[in-house]
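Residues per chain are reported as follows:
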Amino acid sequence: MPNEMREEILAKATTGNLIVWEKEPGATVVTKIMREAMSLFLAEAMKLKKKMPGSVLIGTQSETYRLKQLLAAEGLKASISRSVTTIGVVAQIGF
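As the structure is a prediction and not an experimental result, all values here were calculated from the model.

Visitor: I tried to follow the confidence of the model for the protein chain on my own but got confused; where do I start?
Guide: The predicted structure's coordinates, where accompanied by low pLDDT, should not be read in detail. Chain-level pLDDT for the protein chain is 82 on average; 73% of the residues reach the 70-or-more range. Element-level pLDDT for the protein chain is lowest in helix α5 (residues 89-93), with a mean of 42, against a maximum mean of 95 in helix α2 (residues 26-38). Every residue in residues 86-95 scores below 50 in pLDDT, and together they form 24 contacts with partners more than four places removed in sequence or on other chains.

Here is the structure:
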């Protein structure tokens, strides 16, 4: 999805903060799952991996919930906290 479109959606939607609790080797599996689910380039996925364990992504509630479910299906630990900041969110995650 183009950055401009994503920023517009995030500015209007309730957002969630995806927190991934995995360290290696789980972080590598998380990265692979997120890269595939979000159609990320390798460099983008590696930026997310460097944030693990911790806050990895701010996205819409449905986006973060879907990612959490994909990770849980593989036995990986993640949680979602409510995000109150949506201005410039794309810049915060490096996309």
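Visitor: Could you clarify how one ought to interpret the pattern of salt bridges in this entry?
Guide: Where charged atoms of side chains with opposite charge meet at close range, the side chains can pair. In this structure the tally under the stated criterion is one salt bridge. Note that Glu-24 is salt-bridged to Lys-49, the shortest N-O span being 2.9 Å. Note that Glu-24 is positioned in the loop between β1 (15-20) and α2 and Lys-49 in helix α3 (residues 42-49), a separation of 25 residues in sequence. Taking relative accessible area as the criterion, Glu-24 reaches 48% and is therefore assigned partly exposed. Judged by relative accessible area, which is 19%, Lys-49 ranks as buried.

Visitor: What is the right way to look at the pairing of strand β2 (residues 54-60) in this model?
Guide: Every other side chain in a regular strand lies on the same face of the sheet, so the side chains alternate between the two faces. Counting buried residues in β2 gives six out of seven residues, a clear majority hidden from the surface. Across six bridges, β1 lies against β2 in antiparallel orientation. The residue of β2 that forms the bridge with Gly-16 is Gly-59.

Visitor: Quick question: what am I supposed to make of the packing of α2 against α3 here?
Guide: To characterise two packed helices, one gives the angle between the axes of the helices and the distance between these axes. Between α2 and α3, the least distance of the axes is 9 Å, while the angle of their chain directions is 135°. The angle between α2 and α3 falls in the class oblique. In the crossing of α2 with α3, the sense of the turn from one axis to the other is right-handed. Of α3, the residues touching α2 (which contributes Ala-27, Thr-28, Thr-31, Met-34 and Arg-35) are Leu-42, Ala-45, Met-46, Leu-48 and Lys-49. Residue composition of the contact of α2 with α3, grouped by class: six nonpolar, two polar and two charged.

Visitor: Would you explain helix α4 (residues 61-73) in this entry?
Guide: Along an α-helix, residues three or four positions apart point the same way, because every turn accommodates 3.6 residues. Spanning 13 residues, α4 covers 18 Å between terminal C-alpha atoms, matching the ideal 18 Å at 1.5 Å per step. Regarding α4, the residues found buried are Thr-64, Leu-67 and Leu-71. Buried residues along α4 cover an arc of 65° about the axis, so they all sit on one side. Exposed residues pointing more than 90 degrees away from the buried face of α4 are listed as Ser-62, Tyr-65 and Ala-73. Residue Gly-75 follows α4 closely and has a positive phi angle near 75°.

Each value, and the rule that gives it
Residues numbered from 1 in each chain as written. Predicted model: local features only at pLDDT ≥ 70, side-chain atom pairs only at ≥ 80, totals over all residues. Heavy atoms only, no water. pLDDT = per-residue confidence, 0-100. Helix = DSSP H or I, 4+ residues; strand = E, 2+ residues; numbered from the N terminus. Contact = heavy atoms within 4.5 Å. Salt bridge = Lys/Arg side-chain N within 4 Å of Asp/Glu carboxyl O. Buried < 20%, exposed > 50% of the residue type's maximum accessible area, 1.4 Å probe, protein only. Pairing = 2+ DSSP bridges. Axes fitted to C-alpha atoms, helices over the stretch in contact; angles between N-to-C directions. Parallel < 35°, antiparallel > 145°, perpendicular 65-115°, else oblique. Left-handed = near helix turned anticlockwise from the far one by under 90°. Nonpolar A, V, L, I, M, F, W, Y, C, P; charged D, E, K, R; others polar. Expected span 1.5 Å × (residues − 1). Arc of directions from axis to C-beta.

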